[in-house]
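Fold and contact review
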2 protein chains.
Amino acid sequence: MLGQAEDRPVAVQIPVKNADAVESRIEDLCAKRGLRMTEPRRVIARVLSAAEDHPDAEALYDRVKEVDPTISMATIYRTMKLFEEMDIVSKRDFGDGRARYEPQSGPDDHHHHMIDVETGEVLEFYNQELEDLKKRIARDLGFDLVDHHLELFGTRRKKQH
Amino acid sequence: MLGQAEDRPVAVQIPVKNADAVESRIEDLCAKRGLRMTEPRRVIARVLSAAEDHPDAEALYDRVKEVDPTISMATIYRTMKLFEEMDIVSKRDFGDGRARYEPQSGPDDHHHHMIDVETGEVLEFYNQELEDLKKRIARDLGFDLVDHHLELFGTRRKKQH
DNA sequence: GTAAATGCAAAAGCTTTGCCCCACG
DNA sequence: CGTGGGGCAAAGCTTTTGCATTTAC
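Below: a short report on this structure. Keep in mind that what you see is a predicted model, and the values were worked out from it rather than measured.

What follows is about the protein's contact with DNA strand C. Taken together, 18 residues sit near DNA strand C, with A:Tyr77, A:Ala99, B:Thr38, B:Thr75 and B:Arg78 positioned nearest. Counting only the atoms of DNA strand C that lie within 4 Å of the protein, the sugar and phosphate share comes to 68%. For DNA strand C, a phosphate oxygen lies 3.1 Å from a polar atom in the backbone of B:Thr70. Elements represented by at least two residues in the surface near DNA strand C include exactly helix H5 (73-85) of chain A together with helix H2 (39-50) and helix H4 (73-85) of chain B. Residues that form the surface near DNA strand C fall into these classes: 7 nonpolar, 5 polar and 6 charged.

Okay, here's the thing in structure tokens:
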């Protein structure tokens, strides 16, 4: 009833949550780097793969605990450090004293963040002009760019000038 | 006895270091904003005015103690917070878990930092193109820019391509 | 004289680590 | 089965705070 499956295909396929997917992008990466795949790492990898925001250690801990309550905070930190070294996640600092983590899409995934100082909301953006300019600035200073962080802090514009 | 006080008033003409200057740029600023000028604030202001690097709280504490050993770490932090709110210094984060402080030259002094990941050396730079681009990006995202941080991490280029 | 600033020490985050047990490969 | 990984709790660091005392204006 109510039309054929093709009418709303997405809803018909089982709505599994990403975190429960048998195989997550980050699990794949772990395998590729030959990391020993333990239960905590699997869970953390899935939670990270499913994350669409910029969770801090505690947020990760909370999400991970929902899947497996025996996993400890120490493991969150140890795993984040490991994943960082493996270029699986990148650590960010939005100026509130805690580290945030996000999956690293690729070696040259250099998006940045616009942070609403009133609400704490974080928007991601990418701008090719900015990428080029940064490389040029570094080169002019005599450096090869290894990494860079840009965070913009602002307030939503209520009226245009 | 032992000669009159006037004979060695201030040890004659001492080649005072910047930090001992009677009037420092930051002291001026404090006065302008009507801050109550206490001895610790005066000392901290002078140390900051004389700083040509990016000291963290402990480095400031050490320098301040040389002038007045009774000043406490709590006062360093409290004063940095105050100066930050007054736009007298800006707080920076070079990714090592401690805040760095530096005098703010002006309301639109938005230089940035190029950090040598091998030596920890920090170069400052300013680039108008970058300033314009950032404002434009923020506007395109619907924001008014309040603040922004950019840090470039790199290694010194040994050979040009 | 009064409100604000400071020193001291304790507390509060966030993150790391030692130690011993457990599980992956 | 041996070695790396994980849980737990304690320690480490940087920064903040409560309280009594001192200081600037």
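Let's pick the thread back up.
Here we come to the sheet that holds strand S4 (residues 122-125) of chain B. The mixed open sheet is built from 6 strands, whose spatial order is S4(A)-S3(A)-S5(A)-S5(B)-S3(B)-S4(B). Edge positions in the sheet fall to strand S4 (122-125) of chain A together with S4 of chain B, since each of these pairs with one other strand and no more. Within the sheet, the average angular offset between the axes of one strand and its neighbour, ignoring direction, is 20°. Relative to S4(B), strand S3 (residues 112-116) of chain B is paired through 4 bridges, and the arrangement is antiparallel. Of the residues in S4(B), the one forming a bridge with B:Met114 is B:Leu123. Along the sheet, helix H6 (residues 128-140) of chain A makes contact with strand S3 (112-116), S4 and strand S5 (143-156) of chain A together with S3, S4 and strand S5 (143-156) of chain B, crossing S5(A) at roughly 130°.

This part takes up the protein's contact with DNA strand D. Around DNA strand D, the structure places 20 residues, and the nearest of them are A:Thr38, A:Thr75, A:Arg78, B:Tyr77 and B:Ala99. Backbone atoms, meaning sugar plus phosphate, form 72% of the atoms of DNA strand D positioned within 4 Å of the protein. Within the backbone of B:Met37, one N or O atom sits 3.2 Å away from a phosphate oxygen of DNA strand D. Within the side chain of B:Arg78, a nitrogen or oxygen atom sits 3.4 Å from a base oxygen of DNA strand D. The residue inventory of the surface near DNA strand D, partitioned by class, reads 8 nonpolar, 6 polar and 6 charged.

Reading guide: rules and limits
- Residues numbered from 1 in each chain as written.
- Chains lettered and ligands numbered in written order.
- Predicted model: local features only at pLDDT ≥ 70, side-chain atom pairs only at ≥ 80, totals over all residues.
- Heavy atoms only, no water.
- Near = heavy atom within 4 Å.
- Polar contact = N/O pair within 3.5 Å; in protein donor to acceptor, adjacent residues only side chain to side chain.
- Helix = DSSP H or I, 4+ residues; strand = E, 2+ residues; numbered from the N terminus.
- Nonpolar A, V, L, I, M, F, W, Y, C, P; charged D, E, K, R; others polar.
- Pairing = 2+ DSSP bridges.
- Axes fitted to C-alpha atoms, helices over the stretch in contact; angles between N-to-C directions.
- Contact = heavy atoms within 4.5 Å.

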